[in-house]
Structure formats: structure tokens, C-alpha cells
Amino acid sequence: MTGCLLVQPARSIPLQPLLHFPRPVPPPAEASSGPGTRSAEEPAGSAYTAAPPMELPDDSNLVKSFIAELRRRAEVELEGGQVDLSDGALLKFLRARDFDGELALQLLVNYHKWRRECPEITANLCPSSVLGLLQNQYHGVLDSRDTTGSRVLVYRIGKWIPKDFTAYEVFRVSLITSELIVREVETQRFGIKAIFDLQDWCFAHAFQINPSLVKKISAVLTDSFPLKVRGIHLINEPKFFRPVFSMIRPFLPDKIKPRIHMHGSSFVHSLCQHFSREILPPEYGGNGQGLDEVCQRWTQFILSSQALLQQLSLGVLSVNWYSQSL
């Protein structure tokens, strides 16, 4: 496995195309159900074989071929700097784009560009930079995945005190969690869903949302972070949140817009149509752990990941971090 490489500046040389693999005859519709399988809406140009690469073992020759080709292209495309091109690092970009090599390369380039251009968010991912928010039990991740295999993230907007924490710090909490869970193979394959509890949303929150921040959030949702966003669920949203969302909506990618669900204050029935009661906390009509416990457990996990987050802040990540999670 190749570790953290010092990539030289790109030169104006003709690029060879990514490897192409033969397309199989599509399987019957009933065989393509379940998490991780390819849907009819995915681009026809994706490289697939009879067994999609995302379902093959990481040490299979086909997966190794995708990794090697992506590494070769990345060494040319990325500008100088320390960039992790280990197998584990590249796999998360390939999985995020269902092993479409060209899209994975673009995502990889965008990810490093976004990190460079947003130092106010990415330069300090240490838990201490957002400890107050975490201790307020603003954010947690459910222990169990949903029925499709997605991780379920919860954000309690009412726990964000705008006079104490900026919107950029709030966004940094989300980025910290994203960097941690993207190391999980199942999360790479099946993505995430988020529940935003807007109880106690007020004008002070709205005033912190500006077009510049919205564009940066949209970039992450669109093409700058290797996570598949499978659904965004808003609950307890007040009426005056609608104008704020109207400002945000134009910046959102078209593929994300239909995945946004507004459940209102009487949300239990509709929310349980998307998530099983077994995993939802009691506050949301479920039988799982309570929200306070969910947030406390996740805060402890973030704090225990201090060393990894420090490495990410420095922009240097040893291959060992990835080998531990694969």
C-alpha cells in the first residue's frame, strides 16, 4: 500500500483515460434491491462488471486496478503538497462514486481544494475547538444504522447558542463527525441520513446563515466530501424557518433537493415512515436510546479521537489510520 505522498505540481501532459471495464447484462429488477446495489438512476457511464466493485473484497484484482489507476491520475492532477494516496484513502472516494473512476478523481481533487479554501472550518478539527457545543449535547450519531445501512446523525439546533458559537463552529462539528464516520466501510457504501431538530430555532440562528456559508455547505453536499447523503429530515421547524430555507434551497444540488423532508411539529408518524422505531430515540417516537445519552456517547467518541483529528487538522494522515478501520 502506498502511504502519504508528496505530490509534485501538475504538468501539462496528456492524460491517459481511466481503465474501462466491460459492462454486464443488467440483472433482473428484483435482483437489484437492497442496500449497496445499483439503481436504475445511476449514470450509464459507470464502470461495472458482473459483480460491482463496491461489493467485491478490497483485495480483489478488480478493486486493486481501480485504486492503482486513481492513484496514478491523482499524482498528476493534484498540486504539490502532502496528500494521502493510500489504498484506504482512495477507496472511500471510489465508493462514494460507486467506482466511477472519473467522478472519484474529481471528488478527490475537490475535497483537497475545499479544505485549502475553507481554513476557518477545516484548519482546526480538534474537539477542543467545539467542546462547548458538544457538551451542550447539540449533536449525536445513533448507535444503530437504518434499514438501508445508512448512519443516522442528529442535530439539535436549540442546543446551539448563537451568541456563544458561530455558524462556522457548528459546521465544524458536522465536518468532524463526517471525517470520523467516513472511515467506516459500511458508511462509505451506504451513506448517511441526518435529522435536524429545529425546536427553539430563532432569528439569532437565522442571522448567522449567509450566502458564503451556504455555498460551502452546498459544496460538501454536492461534490467535495466522500459521503453519500441519502436523506435530510427536518422536524419541529417553525414557520419563519421557511424563508431561510428558501434562501438555502437554490444553492443545493438537484439530487439533494428531493431527499429533503420537512416533517413539522407533528412529525412522529411521518418520521417513522423513514426510520424504524427500534433505532429512533423516545423523543422522536422510537424505542432506542434517549437523545441525551446518544449525544453524550458520541461526544466521548469524538474526544477519544483527538489524535486522529489532530492529524487531519495538519493535513497529514498516516496509512495506519485507514488500515485500522478497514
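Everything quoted here is computed from the prediction, not taken from an experiment.

Draft legend 1. Broad picture of the overall build of the protein chain. For the protein chain, the count of helices and strands is 14 helices and seven strands. Sorting the 326 residues of the protein chain into buried and exposed places 52% on the buried side. If you take every contact in the protein chain between residues at least 6 apart in sequence, the share linking residues at least 24 apart comes to 76%. In the structure as shown, the protein chain presents an accessible area of about 15200 Å², 54% of it carried by carbon and sulfur atoms.

Draft legend 2. A look at unusual backbone geometry. Despite not being glycine, F99 shows a phi value in the positive range, around 60°. Among the residues examined, F99 registers a relative accessible area of 1% and is labelled buried. The phi angle at Q137 is positive, at roughly 60°, despite the residue not being glycine. Relative to the helices and strands, Q137 resides in the loop between helix 5 (131-135) and strand 3 (139-141). The buried category is assigned to Q137, whose relative accessible area is 15%.

Draft legend 3. Molecular detail of the packing of aromatic side chains. Tallied over the entire structure, the rule returns 12 aromatic pairs. Where F66 meets F99, the ring centres are 5.3 Å apart and the plane angle is 80°; that geometry is what we call edge-to-face. Here F66, found in helix 1 (residues 61-77), pairs with F99, found in the loop between helix 2 (87-96) and helix 3 (101-117); they are 33 residues apart in sequence, far enough to count as distant. With respect to burial, F66 and F99 carry one shared label: buried.

Draft legend 4. View of the pattern of salt bridges. Tallied over the entire structure, the rule returns 14 salt bridges. In this structure, R72 engages E69 in a salt bridge whose closest nitrogen and oxygen atoms are separated by 2.6 Å. Of this pair, R72 and E69 are both found in helix 1, three residues apart, which corresponds to roughly one turn of the helix. On the basis of relative accessible area, E69 is assigned to the buried category, the value being 9%. Across the pair R115 and E179 runs a salt bridge whose closest N-O atoms are separated by 3.3 Å. With R115 in helix 3 and E179 in helix 6 (residues 167-181), this residue pair connects regions lying 64 residues apart in the sequence. Residue E179 is classed as buried on the basis of its relative accessible area, which comes to 2%. Bridged by salt links that share partners, the residues R145, R151 and E184 form one connected network.

Draft legend 5. Structural view of the environment of L303. Its location among the elements puts L303 in helix 12 (residues 291-304). Looking at L303, the relative accessible area reads 33%, which means it is partly exposed. For L303 and S128, which are 175 residues apart along the polypeptide, the C-alpha to C-alpha distance reads 8.4 Å. Apart from the residues lying within four places of it in its own chain, the contact partners of L303 are P127 and L131.

Draft legend 6. Spotlight on the side chain of K228. Mapped onto the elements of the fold, K228 is located in the loop between helix 9 (211-224) and strand 6 (229-235). From its side chain, K228 meets the backbone oxygen of R189 in a polar contact 3.2 Å long.

Draft legend 7. Looking closely at helix 2. Burial analysis of helix 2 places 10 of its 10 residues in the buried class, the great majority of the element. Of all the positions in helix 2, only D87, G88, A89, L90, L91, K92, F93, L94, R95 and A96 are classed as buried. Two residues or fewer after helix 2 comes D98, characterised by a positive phi angle close to 50°.

Draft legend 8. Quick look at empty space enclosed by the protein. Taken as a whole, this structure holds one cavity of 30 Å³ or more when the rule is applied. Roughly 820 Å³ of internal volume is contained in the largest cavity. If you trace the largest cavity, you find 35 residues lining it, with F171, F196, I217, L221 and I232 closest to the centre. At the level of elements, strand 4 (151-156), helix 6, strand 5 (192-197), helix 9, strand 6 and helix 10 (241-248) are the ones that each hand at least two residues to the lining of the largest cavity. For the lining of the largest cavity, the element with the highest residue contribution is helix 6, accounting for six residues. Residues belonging to the lining of the largest cavity are distributed by class as follows: 31 nonpolar, three polar and one charged.

Draft legend 9. Layout of the sheet that holds strand 4. Strand order across the open sheet formed by five strands is 3-4-5-6-7, with mixed pairing between neighbours. Of all the strands in the sheet, just strand 3 and strand 7 (260-262) have a single pairing partner and so form its edges. Between one strand and the next, the sheet's axes are offset by a mean angle of 15°, whatever the strand orientation. As paired elements, strand 4 and strand 5 share six bridges and run parallel to each other. Bridging from a neighbouring strand, R151 pairs with I192 of strand 5.

Calculation notes
- Residues numbered from 1 in each chain as written.
- Predicted model: local features only at pLDDT ≥ 70, side-chain atom pairs only at ≥ 80, totals over all residues.
- Heavy atoms only, no water.
- Helix = DSSP H or I, 4+ residues; strand = E, 2+ residues; numbered from the N terminus.
- Buried < 20%, exposed > 50% of the residue type's maximum accessible area, 1.4 Å probe, protein only.
- Contact = heavy atoms within 4.5 Å.
- Areas by Shrake-Rupley, 256 points an atom, 1.4 Å probe, with all protein chains shown as cover.
- Phe/Tyr/Trp six-rings, centres within 6.5 Å; stacked < 30°, edge-to-face > 60°.
- Salt bridge = Lys/Arg side-chain N within 4 Å of Asp/Glu carboxyl O.
- Polar contact = N/O pair within 3.5 Å; in protein donor to acceptor, adjacent residues only side chain to side chain.
- 1 Å grid on protein atoms, 1.4 Å probe; cavity = no way out; pocket = protein on both sides within 12 Å on 5 of 7 lines; lining within 4 Å.
- Points joined across faces, edges and corners; volume = space filled by probe spheres on them.
- Nonpolar A, V, L, I, M, F, W, Y, C, P; charged D, E, K, R; others polar.
- Pairing = 2+ DSSP bridges.
- Axes fitted to C-alpha atoms, helices over the stretch in contact; angles between N-to-C directions.

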